[in-house]
Amino acid sequence: MAGVKALVALSFSGAIGLTFLMLGCALELYRVYWPLFVLIFYIICPIPHFIAKRISDDTDAASSACRELAYFFTTGIVVSAFGFPIILARVQVIMWGACGLVLAGNAVIFLTILGFFLVFGRGDDFSWEQW
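Residues numbered from 1 in each chain as written. Predicted model: local features only at pLDDT ≥ 70, side-chain atom pairs only at ≥ 80, totals over all residues. Heavy atoms only, no water.

**Q** I would appreciate a short explanation of the UniProt feature "transmembrane region" (unreviewed entry) in the chain in the present structure.
**A** The UniProt record annotates "transmembrane region" (unreviewed entry) at residues 6-25, 32-51, 71-89 and 101-121. Along residues 6-25 one finds 100% helix and 0% strand; the C-alpha atoms at either end are 29 Å apart. As annotated, residues 101-121 comprises 95% helix and 0% strand, and the C-alpha atoms at either end are separated by 29 Å. (UniProt positions renumbered as here; feature names shortened; annotations may be inferred. Helix = DSSP H or I, 4+ residues; strand = E, 2+ residues; numbered from the N terminus.)

**Q** Explain the nonpolar core here, please?
**A** Where a protein is soluble and globular, its nonpolar side chains tend to be buried together. Core analysis: the largest hydrophobic core is formed by twelve residues, namely L21, V38, F41, Y42, C45, I77, A81, V102, I109, F110, I113 and F117. Where this core is concerned, the elements lending two or more residues are α2 (38-44), α4 (65-90) and α5 (96-120). It is α5 that provides the largest number of residues to this core, a total of five residues. Contact partners of L21, with chain neighbours within four places excluded, come to P35, L36, V38, L39, Y42, L101 and V102. With seven residues, the next largest nonpolar core counts Y30, L88, A98 and C99 among its residues. (Core = buried A, V, L, I, M, F, W, Y, C linked by side-chain atoms within 4.5 Å. Buried < 20%, exposed > 50% of the residue type's maximum accessible area, 1.4 Å probe, protein only. Contact = heavy atoms within 4.5 Å.)

**Q** Quick question: what am I supposed to make of the packing of aromatic side chains here?
**A** The way to describe two aromatic rings as a pair is by their centre distance and the angle between their planes. Across all of its chains, the model carries eight aromatic pairs by this definition. Residues W34 and F37 carry aromatic rings whose centres are separated by 5.6 Å and whose planes lie at 25 degrees to one another, so their mutual orientation is stacked. F37 sits in the partly exposed class, given a relative accessible area of 39%. Aromatic rings pair up to connect F50, F116, F117 and F120 into one cluster. (Phe/Tyr/Trp six-rings, centres within 6.5 Å; stacked < 30°, edge-to-face > 60°.)

Following this line, the structure appears as structure tokens:
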């Protein structure tokens, strides 16, 4: 039952993060939808982890070059997702208030993705690998 509570909490936090993102785009003061391109970063963020998990078979090793490369690519994706709205605000495509809302949404969404892998990535009976 603890897994179901975690799933509900993660879905709630994901909804809050997407609400911040939508507020940064759709409020009457801002009305610019360029920040929605960070959704692409949300989608491609876990892909290096999935590939590294599938390729590396040595689960008992402390570190793997494939996993380290996946962490590097994931870090680059996350940093790019935080940098994109800052660049948009710097060149005055969006306002700084919208940038703040998008950055808040980024933080919540990426913490939700991290929480998902921490809760469901253990490899036990209740893991994401069975879905």
